[in-house]
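Take a look at the letters that make up each chain.
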Amino acid sequence: MPTLRREFKADELVFREGDPPTSAYLIESGAVEVSSTQAGEKLVLAVLGAGDLFGEMALIDLAPRTATARAVRDTVAMEIGPDQIQERLANADPIIRALLRSQLSRYRSALTKFLGPNGDGSQRDVVEHGDRGDDGAAINKIRLEAELKEALRQRALEIRYQPIYDLRQERIAGYEALIRWTHAQRGAVSPAEFIPVAEETSLIVPIGTYVLEEVSSLLGQLAREKVDPVPVIAVNVSGRQLEEGDIVTELTEIATRYKVPRGSIKVEVTESLTLDVPRVSDLIARCHAADILVALDDFGTGYSNLGQLHNLHFDTVKLDHGLVWQMLDDPRCLAIVRAIVAMVHALGADLVAEGVETGAQLAALRDMGCRYAQGYLIGRPAGREALLESHLAAKAR
Ligand code: C2E
Ligand code: CA
Ligand code: CA
């Protein structure tokens, strides 16, 4: 297994001109000198420091190194794999990709011509460290992605379960699985920050598999412990996961392996996906054939494809927290929520109101006939042990 952080002693070689492209590096501490040999003379191209990226050029066109990199003093750098860069390139606009490659080839030939066999070795083009311009955000993203990859490898991602309350039966009916990342330096990183980064590359796919495995293992355990009924656990599935893999086959395989009771997994897809009606409709049909429930998440956030909702046989519609938070301050918003509750029930689906934080919100939802509620008032997302404990204690009573 490759290690993410590499340490180089002062004067240690990182790579040499002509070496095959293996990794790029993001300097965490120390300094690295990038140089090229012209007519037998060493020409320093750049001295880079913390926050600077080097060695990325060869990863863009997978050409041999055109420069030598050596640690100036003891240096720690994060290794960025070629897949991280190649995948983003593959996903980039083809025109941007072509422009980048042509710029790169021009740069390489200019480098040889300009410095030439008799290059004067002047420091004119030396890039001083810290001069990263607008690339800071991009570099942060690359760093976040590399760290996330490592967190996944070390199983440092954790799943929390937030209860969903059944107002009619007055009990917890199920949970939503929410991923958490505890970062060594930054503490808890919100999925709202790292899931979009993971979605930009196929890193979301192994993360999704990890969530499915964790949830299935928990459901298998609840069934073994004879908890009855086994709660339904909902997992969030992003568009890219649906595009890149066959989630239904994967989920069926994992659920069988962990002996998950049928019908106890629900997948949540976001509203924006429903714009592609045939695709979502096909997904729902295949999920139902495999006893997997399907929920429409974040309903009411702006993409509501109302004209097509009757064609999509969701088991559950989740009312976005934004509407829940506003409804008691604005009678017009309350009217919309009331209409959504009635419409969802008329379509034969369940409605879960999200983000319920106050007793007044819960009472209003109950009055409207809304059956399920989720939010801090009911419970915050909690770990696997807490969930197991509460169900085993309830069974013992
Ligand atoms: P979401 O699916 O809409 O999840 C609900 C979010 O609202 C969660 O945030 C939850 O902790 C938060 N929440 C629940 N009740 C309340 C409340 O009463 N008040 C407030 N203020 N917030 C509440 P979280 O866990 O930070 O997740 C954010 C988003 O990240 C999720 O939004 C979901 O889109 C995404 N996400 C989380 N886990 C996964 C995952 O395993 N896979 C994928 N693809 N996406 C995930
Ligand atoms: Ca969700
Ligand atoms: Ca939601």
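Please read these numbers as outputs of a predicted model, since none were measured by experiment.

Our focus in this paragraph is the packing of aromatic side chains. Counted by the stated rule, this structure contains five aromatic pairs. Between Tyr 25 and Phe 54, the aromatic rings sit 5.3 Å apart at their centres with planes inclined by 20°, giving stacked as the arrangement. Of this pair, Tyr 25 sits in strand S3 (residues 24–29) while Phe 54 sits in strand S6 (residues 53–54), placing them 29 residues apart in sequence. For the residue pair Tyr 25 and Phe 54, the accessibility class agrees, reading buried in each case. When the ring of Trp 181 is compared with that of Phe 194, the centres are 5.5 Å apart and the planes differ by 90°; the resulting orientation is edge-to-face. Within this pair, whereas Trp 181 is found in strand S11 (residues 171–183), its partner Phe 194 is found in helix H5 (residues 191–200), the two being separated by 13 residues in sequence. What makes Phe 194 buried here is its relative accessible area of 0%.

Bound to the calcium ion (ligand 2) are the protein donor atoms Glu 176 (OE), Asn 236 (OD1), Glu 268 (OE) and Asp 297 (OD), situated 2.1 to 2.3 Å from the metal. Counting the intervening residues between successive donors of the calcium ion (ligand 2) yields the motif E-x59-N-x31-E-x28-D. Note on Asn 236: relative accessible area 33%, which makes it partly exposed. With a relative accessible area of 5%, Asp 297 lands in the buried category.

Next up on the list: the packing of helix H2 (residues 82–91) against helix H4 (residues 136–153). One can describe the packing of H2 onto H4 by two numbers: an axis separation of 11 Å at closest approach and a directional angle of 125°. The angle between the axes of H2 and H4 places the two elements in the oblique class. The handedness of the crossing between H2 and H4 comes out as right-handed. Residues Asp 83, Gln 84 and Arg 88 of H2 form the contact with H4, whose participating residues are Lys 141, Ile 142, Glu 145, Ala 146 and Lys 149. Its residues assigned to classes, the contact of H2 with H4 shows two nonpolar, one polar and five charged.

Our focus in this paragraph is the nonpolar core. The biggest cluster of nonpolar side chains holds 79 residues, and the ones touching the most others in it are Leu 157, Tyr 161 and Phe 314. No other element matches the nine residues that helix H6 (residues 204–224) contributes to this core. Setting aside residues no more than four positions away along its own chain, Phe 314 makes contact with Val 269, Thr 274, Val 280, Ile 284, Val 294, Ala 295, Leu 296, Leu 309 and Ala 349. Of all hydrophobic cores here, the second largest spans 17 residues; its members include Phe 8, Ile 27, Val 32 and Ala 77.

Surrounding ligand 1, one finds 22 residues, the nearest of these being Gln 162, Arg 180, Asp 297, Glu 357 and Tyr 376. One of the side-chain nitrogen or oxygen atoms of Asn 236 is found 3.1 Å away from an oxygen atom of ligand 1. Asp 297 places a side-chain nitrogen or oxygen 3.0 Å from an oxygen atom of ligand 1. Contact with the protein chains covers 82% of the free accessible surface of ligand 1, which is 800 Å². When contributions to the shell around ligand 1 are tallied by element, the ones reaching two or more residues are S11, H5 and strand S15 (293–299). Broken down by element, the shell around ligand 1 gets its largest block of residues, four residues, from S11.

Another point: the coordination of the calcium ion (ligand 3). Every protein donor of the calcium ion (ligand 3) is listed here as Asp 297 (OD), Asp 298 (OD), Glu 354 (OE) and Glu 354 (OE), and their distances to the metal cover 2.2 to 2.5 Å. Read from N- to C-terminus, the donor residues coordinating the calcium ion (ligand 3) fall into the pattern D-D-x55-E. In this structure the calcium ion (ligand 2) is found 3.9 Å away from the calcium ion (ligand 3), and Asp 297 serves as a bridging donor for the pair. Here Glu 354 lies in the loop between strand S17 (350–353) and helix H13 (359–368) and Asp 297 lies in strand S15, a separation of 57 residues in the sequence. Note on accessibility: Asp 297 and Glu 354 belong to one class, buried.

The rules behind the values
Residues numbered from 1 in each chain as written. Chains lettered and ligands numbered in written order. Predicted model: local features only at pLDDT ≥ 70, side-chain atom pairs only at ≥ 80, totals over all residues. Heavy atoms only, no water. Phe/Tyr/Trp six-rings, centres within 6.5 Å; stacked < 30°, edge-to-face > 60°. Helix = DSSP H or I, 4+ residues; strand = E, 2+ residues; numbered from the N terminus. Buried < 20%, exposed > 50% of the residue type's maximum accessible area, 1.4 Å probe, protein only. Donors = N, O, S within 2.8 Å, 3.2 Å for Na, K, Ca; no water. Axes fitted to C-alpha atoms, helices over the stretch in contact; angles between N-to-C directions. Parallel < 35°, antiparallel > 145°, perpendicular 65-115°, else oblique. Left-handed = near helix turned anticlockwise from the far one by under 90°. Contact = heavy atoms within 4.5 Å. Nonpolar A, V, L, I, M, F, W, Y, C, P; charged D, E, K, R; others polar. Core = buried A, V, L, I, M, F, W, Y, C linked by side-chain atoms within 4.5 Å. Near = heavy atom within 4 Å. Polar contact = N/O pair within 3.5 Å; in protein donor to acceptor, adjacent residues only side chain to side chain. Areas by Shrake-Rupley, 256 points an atom, 1.4 Å probe, with all protein chains shown as cover.

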